[in-house]
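What follows is the residue order along each chain.
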Protein chains: 2
Amino acid sequence: MRKRKGAGRPTIADVAEKAGVSTITVSRALRDPSKVSDHLRRKINNAVRKLNYVPHSHASALASTRSNIVGVIVPSLTNNVFADTLRAIYDELDQGPFQVQLGNSRYVAKDEERLVRTFLGQGPSAMIIAGTDQTDATRELLQNAECPVVQIMEVGDDPIDMMVGFSHFEGGKAAGTHLMQKGYKRIGFLGARMDPRSHRRLEGFKDALRIGGRYDPDLIMTTTVSSSVSLGAELIGQLRARRSDLDAVFCNNDDLALGALFGCQKAGISVPDDMGIIGFNDLEMMAASHPSLTSIRTDRYAIGKRAVEMIKAELDGEVPEQKILDLGFELQQRESTSRQK
Amino acid sequence: MRKRKGAGRPTIADVAEKAGVSTITVSRALRDPSKVSDHLRRKINNAVRKLNYVPHSHASALASTRSNIVGVIVPSLTNNVFADTLRAIYDELDQGPFQVQLGNSRYVAKDEERLVRTFLGQGPSAMIIAGTDQTDATRELLQNAECPVVQIMEVGDDPIDMMVGFSHFEGGKAAGTHLMQKGYKRIGFLGARMDPRSHRRLEGFKDALRIGGRYDPDLIMTTTVSSSVSLGAELIGQLRARRSDLDAVFCNNDDLALGALFGCQKAGISVPDDMGIIGFNDLEMMAASHPSLTSIRTDRYAIGKRAVEMIKAELDGEVPEQKILDLGFELQQRESTSRQK
DNA sequence: TTGTACGCGTTATCAA
DNA sequence: TTGATAACGCGTACAA
């Protein structure tokens, strides 16, 4: 007699025996209660409670070739922008039977591809992935995946499946337009990391300035170094050293904007009178600073929430109203661009 | 004949056939190459490559009652403090065969317990959990779990298994001592969230002030509201309204400290001359602000890194040098507490 | 609505 | 060092 011991915990067979039914009835009662009569369902639920039965997700995944995992891939764990979205995803998914599997691609396309491969290997219920700049191989993997796929944080023309986000090009354009409207003339751009979304913000910014006749490539200062507050102070210092007539900057993100503010304060430059500053994302601190900082507000929590809602709808067989959801953005004007003309 | 289709991808049996060996030999070659002869190992590795075989983690977990999952439970996804540690955990774990399973307890002990239950149900290779304040039930679950368990972010007397972190009590004490040394007399405390670690920082702070003869409970201002920069400005305003003679504050964390700085600037109070400010954690922005902000530096990345190293060592059967690892902290003095006496 | 029989892909057990 | 066989716990297919 060769018995293996297993994990020792109750199985669906134990529940079935206690409830006096077959295992498949228990299985059905747990996954879709409507398929089992009230009478048996009650008995089964009682047995589950008494035995403290917990479904064995690996066995379930193996038998059904479908796991309850939702794979989520983001390029950064420390960027606040993704933190809010992740929080929303966890908040939404924790209700149901799903498990989040989180991957960090570190802004490296090949790492992203590897993660997608690994996650798809688990037969996920759905995939959520940041951005629209996947490699061809990654796109193909996801297209062939038999599960809903949502690209988040931005929108574009060519979704793998679904998309929730906003247009970074339009966001950058709005920032540029705003600075011109406030009367600033020599308007610069500070950019860190310069991932594809940053590039699109820059393109939108350029577009606005060209239209306004104020585009000057000499005022654009970017680096691939990752973003930080200190870097904002550094970059604005460098740009001013190059062009002392600079009178406003659009910062790639809020960390840089805060750093630029500190840099100006150290150099004795008055914000907003001698220098206008606008950031991107509108993190909580932007409203609290002194002077308060203008920014482009994006609803990152909503992006995560809606992404999960779209997934749930598709899994429930609902026909989606739209595959692409543009949540837009909103310019929050504050003191840093409100100069007395 | 009733064939089910499976996931369609190559299985260990396909590899075995191609290599001309049995399945179990392939299994062994993959898990512990030293158990298989060079000759067969080479053939197997070739077959794996040719078929593009990827092990099926659910099947493995089912058969072995042990998954490659490392469960990680933190109380917040948006708090930068945990973001750095998480990044380290992902960096370390991405190398090996492990998968991170991340849970967000939202600072709710019951949610934490539920997550622990769920994760343990997956037969994890290890568990990492923030803090030392688990419920009795959670402790018992983890104690009975047949895997390494590391409590992170703080150290204490009574580890479930292992611990990596530092003493929040001592950190708070160092902050209080520093403010007294700099000559501040009426020293307050600003605290948000007030989770157990915040409480221990406060206790350390009180201890220092009592020793220095400067303890005044009237100068302690706390709230259970979650921390933010805006809140820092608000709290220091409230505390000053109550006690206009306040001349320094120890802020529970850096967000509050930055907010307190902004609050002072708005009210026309000079930092550090009329108000000393010290934060906790030393986020990157603290060195960049104007004036720069003193803080207690903690090495959050190292905490994650060391936690994973301890896990790997224990899984490799090594005898740990120590079950409790205190990584300490370091006071970073900056302008916000450097007044001209 | 309920049940029977079997397979999902892997590893533990025992034997050689 | 290698292999045959039987689990691991559950869901699918088919039948009643």
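All of these numbers come straight from a predicted model, not from anything done at the bench. (Residues numbered from 1 in each chain as written. Chains lettered and ligands numbered in written order. Predicted model: local features only at pLDDT ≥ 70, side-chain atom pairs only at ≥ 80, totals over all residues. Heavy atoms only, no water.)

## Brief notes about empty space enclosed by the protein
By the definition in use, this model includes one cavity of 30 Å³ or more. As for the largest cavity, its lining consists of A:Leu77, A:Ala83, A:Leu86, A:Leu102, B:Leu77, B:Ala83, B:Leu86 and B:Leu102. Breaking the lining of the largest cavity down by element, the ones donating at least two residues are α5 (80-93) of chain A together with α5 (80-93) of chain B. A breakdown of the residues in the lining of the largest cavity according to their chemical character gives eight nonpolar, no polar and no charged. (1 Å grid on protein atoms, 1.4 Å probe; cavity = no way out; pocket = protein on both sides within 12 Å on 5 of 7 lines; lining within 4 Å. Points joined across faces, edges and corners; volume = space filled by probe spheres on them. Helix = DSSP H or I, 4+ residues; strand = E, 2+ residues; numbered from the N terminus. Nonpolar A, V, L, I, M, F, W, Y, C, P; charged D, E, K, R; others polar.)

## Remarks on the environment of A:Thr138
All names here are of chain A. By the element assignment, Thr138 lies in helix α7 (residues 136-144). Look at Thr138 and you get buried, because its relative accessible area is 0%. Among residues more than four places away in sequence, those in contact with Thr138 are Glu112, Glu113 and Val116. (Buried < 20%, exposed > 50% of the residue type's maximum accessible area, 1.4 Å probe, protein only. Contact = heavy atoms within 4.5 Å.)

## Points about helix α9 (residues 196-211) of chain B
Residues and elements named next belong to chain B. Under the 1.5 Å per step criterion, the end-to-end length of α9 is 23 Å for 16 residues, consistent within 8% with the ideal 22 Å. Of the residues making up α9, those classed as buried are Arg197, Ser198, Arg201, Leu202, Gly204, Phe205, Lys206, Ala208 and Leu209. Remark: Gly213 follows α9 within two positions and exhibits a positive phi of approximately 70°. (Expected span 1.5 Å × (residues − 1).)

## Re the environment of B:Gly131
All names here are of chain B. Secondary-structure assignment places Gly131 in the loop between β3 (126-130) and α7 (136-144). The exposure class of Gly131 is buried, given its relative accessible area of 0%. Distance in space between the C-alpha atoms of Gly131 and Glu92 is 20 Å, their sequence separation being 39 residues. Once residues lying within four places of it in the same chain are set aside, the contact partners of Gly131 are Gln151, Ile152, Glu154 and Arg197.

## Regarding the interface of chain A and chain B
Taken together, the 47 residues of chain A in the interface contact 47 residues of chain B. Buried area between chain A and chain B, summed over both chains or domains, comes out near 4300 Å², and the portion from carbon and sulfur atoms is 52%. A:Arg106 is paired through a salt bridge with B:Asp91; the nearest N and O atoms lie 2.7 Å apart. On the surface where chain A and chain B come into contact, there are 27 residue pairs in polar contact (both at pLDDT 80 or more). Of all the secondary-structure elements, those providing two or more residues to the side of chain A that touches chain B are α4 (57-64), α5, β2 (99-104), α6 (109-120), α10 (229-242), α11 (254-267) and α12 (285-288) of chain A. Among the elements that line the side of chain A that touches chain B, the one with the most residues is α5(A), at seven residues. For the side of chain A that touches chain B, a count of residues per class yields 18 nonpolar, 19 polar and ten charged. (Buried area = accessible area lost by both parts, 1.4 Å probe. Salt bridge = Lys/Arg side-chain N within 4 Å of Asp/Glu carboxyl O. Polar contact = N/O pair within 3.5 Å; in protein donor to acceptor, adjacent residues only side chain to side chain.)

## Describing the nonpolar core
Residues A:Val72, A:Leu102, A:Ile128, B:Val72, B:Leu102 and B:Ile128 are the most contacted members of the largest nonpolar core, which totals 89 residues. Dropping the residues within four chain positions of it, A:Leu102 is found in contact with A:Val72, A:Val74, A:Leu77, A:Leu86, A:Tyr90, A:Phe119, B:Tyr90 and B:Leu102. One finds A:Ile269, B:Ala192, B:Leu231 and B:Leu256 within the second-largest nonpolar core, a separate group that totals 56 residues. (Core = buried A, V, L, I, M, F, W, Y, C linked by side-chain atoms within 4.5 Å.)

## Digging into the sheet that holds strand β9 (residues 276-281) of chain B
Strand pairs in the sheet, formed through backbone hydrogen bonds, run parallel or antiparallel to each other. Residue and element names in this part refer to chain B. Taken together, the six strands give an open sheet; going across it, the order is β7-β6-β8-β9-β10-β12, and neighbouring strands pair in mixed fashion. Taken across any chain shown, the strands that pair with only one partner, and hence form the sheet edges, are β7 (220-222) and β12 (330-332). Pairs of neighbouring strands in the sheet enclose a mean axial angle of 20°, with direction left out of account. Examined bridge by bridge, β9 and strand β10 (residues 294-297) share four bridges and lie parallel to one another. When the sheet's bridge partners are listed, Asn281 is paired in β10 with Arg297. (Pairing = 2+ DSSP bridges. Axes fitted to C-alpha atoms, helices over the stretch in contact; angles between N-to-C directions.)

## Details of the relation of the copies chain A and chain B
With an RMSD of 0.2 Å, the fit of chain A onto chain B corresponds to turning through 180° and sliding 0.1 Å along the axis. On the angle and the small slide along the axis, the relation comes out as a two-fold axis. Within chain A, A:His58 has its C-alpha nearest the rotation axis, a separation of 2.4 Å. Most of the interface of chain A is mirrored in chain B: 100% of its interface residues are interface residues there too. (Least-squares fit on C-alpha atoms with pLDDT ≥ 70 in both.)

## A word on the domain arrangement of chain A
All names here are of chain A. Once the domains are mapped, chain A shows domain 1 (12-55), domain 2 (69-166 + 300-329) and domain 3 (169-297). The distance between the C-alpha centroids of domain 2 and domain 3 comes to 29 Å. On the side of domain 3, 14 residues touch domain 2, which itself brings 14 residues to the contact. Summed over both partners, the interface of domain 2 with domain 3 buries about 1100 Å², with 58% contributed by carbon and sulfur atoms. (Domains from an automatic or database assignment.)

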